[in-house]
Amino acid sequence: MTPLSKLYLQLDDVELPDAIPYSQVSAWELRFLYLLGRHRLTGEGKAIELGSGGGGSTYAFALGLSENPDFDKELNKLHAYDFFRVGKGTFASEKFFSAGVAPADSNSFLDDFKEKLKPFIDFIELHPGDLWNTSDPEDHSPIEFLHVDIAKTARVFRCVAERFLPRLEPGSVLLHQDFASPRLPWLHYSTGLLLPYIEIAGPPIRSTLAFEVVKPIPQHVLRAIAEDSYTTDKKLKLMSAVQDVVDRDHTDGIPFKAVIELAKAYVAHYDGDHRRAWKIAEPLTSDEYLDRTRKDHFAQLRKALDGAPPGSRPSGLSKLVRKVTGRA
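Note that the coordinates shown come from a computational prediction; the quantities given were computed from them, not determined experimentally.

Points about the overall build of the protein chain
Within the protein chain one finds 14 helices and seven strands. Expected size for 328 residues packed as a compact globule is a radius of gyration near 20 Å; at 20 Å, the protein chain falls within 12% of this value. Structurally, the protein chain occupies a C-alpha span of about 60 × 50 × 40 Å along its principal axes. Per-residue burial for the protein chain yields a buried fraction of 53% across its 328 residues. Contacts in the protein chain between residues far apart in sequence, at least 24 positions, make up 74% of those at least 6 positions apart. Accessible area of the protein chain: about 14900 Å², with a carbon and sulfur share of 50%. Charge separation in the protein chain, taken as the distance between the mean sites of 41 positive and 46 negative side-chain charges, equals 8 Å.

Quick look at the structure:
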């Protein structure tokens, strides 16, 4: 079984077929997924992709699995979860349709997905719909590989944390595809809580952070992640710990220390403390990368501050409502 860090050395040599479907992830990430499927997986635990989208990432990973002599395609499946439709709350693009646009009579691209993944569909098990409805709370089987590209909201991340993270064991591999997204700070502070039990593979590959579980994750840690049961100050401290070990991405294009600093502002923003959020964010407006790619983030945080009553702070009731509804 190839160590994750060794896969970086092969990235430049991977040539993926032209037939690979449209994907919102970079070519570097697709190559890494292929290498994982080809050289890392054994089939001893489940292979799960949360957020398959239009099929590009699924195709790259399945191609690797198809060439992996240790992965028995008769016995094992690649589990693909997604809404498989466009619309509010799905974060899906109409580019996922074969024609590049949704037909007038349907918002589902599931048939398009099946057609694009036809070479591998025999060992792909599809789970279309809301993750809370399509995942089994009674399934405690080990997961060997978990690709998380679905945790766009705190509500969905709670499902990931409750039903998938507890099934990771030493040797399991997890990929957080949205690690360059400041609006998803739960990815960053949960990783901070996991640091004693994981080994980060290397620099993020564009937006993807890859790590391997090296020690059993205690139940109290998993429960804290699922329940989001730590204070803002604790979250910021955990994120600082991640900044200590994660710098720029593999291509040197994304400055993760700055990205995670902006994510800290969103922790305060979601907690209703807009003054603190802007205090964290304002110095980052001079960062070249963030100024070029995250202007809308700064505008959102500034607008929230300008609209907040003077001296306002989140009330205990508002915090409780956000936690119950999953609106972090």
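Focus on the pattern of salt bridges
In this structure the tally under the stated criterion is 16 salt bridges. A salt bridge links Asp-291 to Lys-295; the nearest nitrogen and oxygen atoms lie 3.0 Å apart. Note that Asp-306 is salt-bridged to Arg-302, the shortest N-O span being 2.8 Å. Of this pair, Asp-306 and Arg-302 both sit in helix α13 (residues 295-306), four residues apart, which is roughly one turn of the helix. Judged by its relative accessible area of 34%, Arg-302 falls in the partly exposed class. Via salt bridges that share partners, Lys-46, Asp-139 and Arg-167 belong to a single interconnected network.

Observations concerning the environment of Leu-222
Structurally, Leu-222 is set in helix α8 (residues 219-227). Residue classification places Leu-222 among the buried residues on the basis of a relative accessible area of 6%.

Some details on the sheet that holds strand β7 (residues 209-213)
Strand order in this open sheet of seven strands is β3-β2-β1-β4-β5-β7-β6, and the pairing throughout is mixed. Since the sheet does not close on itself, it has two edges, and those belong to β3 (124-128) and β6 (198-200), each with one partner. Between one strand axis and the next, the sheet turns through 20° on average, direction left out of account. Relative to β3, strand β2 (residues 78-82) is paired through five bridges, and the arrangement is parallel. Among the inter-strand pairings, Leu-78 is bridged to a residue of β3, identified as Ile-124. Each of β1 (46-50), β2, β3 and β4 (143-148) touches helix α3 (residues 56-66); the most contacted strand, β2, lies at about 175° to it. Against the sheet, helix α7 (residues 185-194) contacts β5 (168-176), β6 and β7, and its axis sits at roughly 30° relative to β7.

Some remarks on α8
All of the buried residues along α8 are Val-221, Leu-222, Ala-224, Ile-225 and Ala-226. One or two residues past the end of α8 sits Asp-228, with phi positive at roughly 55°.

Quick notes on the side chain of His-176
Looking at where His-176 falls in the secondary structure, it is placed in strand β5. For His-176, a relative accessible area of 3% translates into the label buried. Not counting residues up to four positions away in its chain, the partners in contact with His-176 are Val-148, Phe-157, Leu-187, Thr-191, Ser-207, Thr-208, Leu-209 and Phe-211.

Points about the pairing of β2
In terms of burial, β2 is largely enclosed, as five of its five residues are buried. For β1 and β2, the ladder comprises four bridges, and the chain directions are parallel. Bridge pairing in β2 links Ile-48 to His-79. With respect to chirality, the unit in which β1 leads through α3 into the neighbouring parallel β2 is right-handed.

Let's talk about the packing of α7 against α8
At their nearest, the axes of α7 and α8 sit 10 Å apart, and the two run at 170° to each other. One way to sum up the angle between α7 and α8 is to call them roughly antiparallel. Contacts between α7 and α8 involve Ser-190, Leu-193 and Leu-194 from the first element and Val-221, Ala-224 and Ile-225 from the second. For the contact of α7 with α8, the per-class residue count stands at five nonpolar, one polar and no charged.

Section: the packing of aromatic side chains
Considering all chains together, one arrives at 15 aromatic pairs under this definition. Consider the rings of Trp-186 and Tyr-270, whose centres lie 5.9 Å apart with planes at 25°: the pair is stacked. Taken as a pair, Trp-186 in helix α7 and Tyr-270 in helix α10 (residues 256-270) lie far apart in primary sequence, 84 residues in all. You'll find Trp-186 and Tyr-270 in the same group, each marked buried.

Analysis parameters
Residues numbered from 1 in each chain as written. Predicted model: local features only at pLDDT ≥ 70, side-chain atom pairs only at ≥ 80, totals over all residues. Heavy atoms only, no water. Helix = DSSP H or I, 4+ residues; strand = E, 2+ residues; numbered from the N terminus. Rg over C-alpha atoms; globule rule 2.2 N^0.38 Å. Buried < 20%, exposed > 50% of the residue type's maximum accessible area, 1.4 Å probe, protein only. Contact = heavy atoms within 4.5 Å. Areas by Shrake-Rupley, 256 points an atom, 1.4 Å probe, with all protein chains shown as cover. Lys, Arg positive; Asp, Glu negative; His and termini not counted. Charge placed at Lys NZ, Arg CZ, Asp CG, Glu CD. Salt bridge = Lys/Arg side-chain N within 4 Å of Asp/Glu carboxyl O. Pairing = 2+ DSSP bridges. Axes fitted to C-alpha atoms, helices over the stretch in contact; angles between N-to-C directions. Right-handed = clockwise from strand over helix to strand, strands pointing away. Parallel < 35°, antiparallel > 145°, perpendicular 65-115°, else oblique. Nonpolar A, V, L, I, M, F, W, Y, C, P; charged D, E, K, R; others polar. Phe/Tyr/Trp six-rings, centres within 6.5 Å; stacked < 30°, edge-to-face > 60°.

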